[in-house]
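Analysis of the macromolecular model
Below, each chain spelled out in residue letters.
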Amino acid sequence: MRESEQNPVPELWDVLDRERRPIGRLHKRGANLGPGEYHLVVHVWIRGSDGRFLISQRVPEKPFGGLWECTAGSAVAGDDSLKTAVKEAREELGVKLDADRGRLIFCQRRQLEICPDFVDVWLFDKDWPIERVVCQAGETSQALWASAQDLRELSASGLLHPLIDYLEDFLALHS
């Protein structure tokens, strides 16, 4: 085993205040944030020309393992929301998105118990053959194109990640 695998570099996030302003401090992933502190998360919805959305299944070893979700991830220190959205799609599914074609749909401030965050929800229109999807080891196990009805059924059956609590509002606007 290489030394980098034994002692991986910790992921660091910019710490934000409740107004979404950086406070000039970094936070190590996995540690609790302090009162009034937040970090930035993105949710990336990729919609094909047929109106279906590209979603992926989390690997069983991760929290919420086996559940389906849109591409998502935390912004590392120094990265903005759009850069993070494009990077996460590339890392988790191998999908190359054009930053100029992304639309920020909405932002939410969430009071999650361990890691409160701001989540930016992005929409990209992109056709990407399912055969070209490359699942990231340790993150995603498979992907599929899902209709709005498929997403509703996954949600109703408890198979959609619970942090996608805005699904109906999102689908009402974008399906």
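Before any of the text, the structure's been laid out above.
Bear in mind that the values here come from a model prediction, so they are computed numbers and not experimental data. (Residues numbered from 1 in each chain as written. Predicted model: local features only at pLDDT ≥ 70, side-chain atom pairs only at ≥ 80, totals over all residues. Heavy atoms only, no water.)

1. Remarks on helix α4 (residues 167–174)
Residues of α4 that are buried: Leu167, Phe170, Leu171 and His174. Along the axis of α4, the buried positions cluster into a sector of 95°, meaning they face one direction only. Opposite the buried face of α4, by more than 90 degrees, sit the exposed residues Asp169, Ala172 and Leu173. Structurally, α4 contributes buried residues whose contacts are with β3 (39–47), β4 (53–58), β7 (102–110), β8 (117–125) and α3 (148–156). (Buried < 20%, exposed > 50% of the residue type's maximum accessible area, 1.4 Å probe, protein only. Helix = DSSP H or I, 4+ residues; strand = E, 2+ residues; numbered from the N terminus. Arc of directions from axis to C-beta. Contact = heavy atoms within 4.5 Å.)

2. Quick word on the nonpolar core
With 17 residues, the main nonpolar core has Trp45, Leu151 and Phe170 as its most contacted residues. Elements with a contribution of two residues or more to this core: β4, β8, α3 and α4. Those residues in contact with Trp45 that sit more than four places away from it in its chain are Phe53, Ile55, Cys70, Val121, Trp122, Leu123, Phe124, Leu151, Ile164, Tyr166, Leu167 and Phe170. With 15 residues, the next largest nonpolar core counts Val42, Leu97, Trp122 and Val133 among its residues. (Core = buried A, V, L, I, M, F, W, Y, C linked by side-chain atoms within 4.5 Å.)

3. Looking at the packing of aromatic side chains
Under the defined criterion, the tally for this structure stands at seven aromatic pairs. Among the aromatic side chains, those forming a connected cluster through ring pairs are Trp45, Phe53, Phe106, Tyr166 and Phe170. Cation over ring: Arg132 sits above Trp128, and NZ or CZ is 4.1 Å from the ring centre. (Phe/Tyr/Trp six-rings, centres within 6.5 Å; stacked < 30°, edge-to-face > 60°. Lys NZ or Arg CZ within 6 Å of the ring centre and 35° of its normal.)

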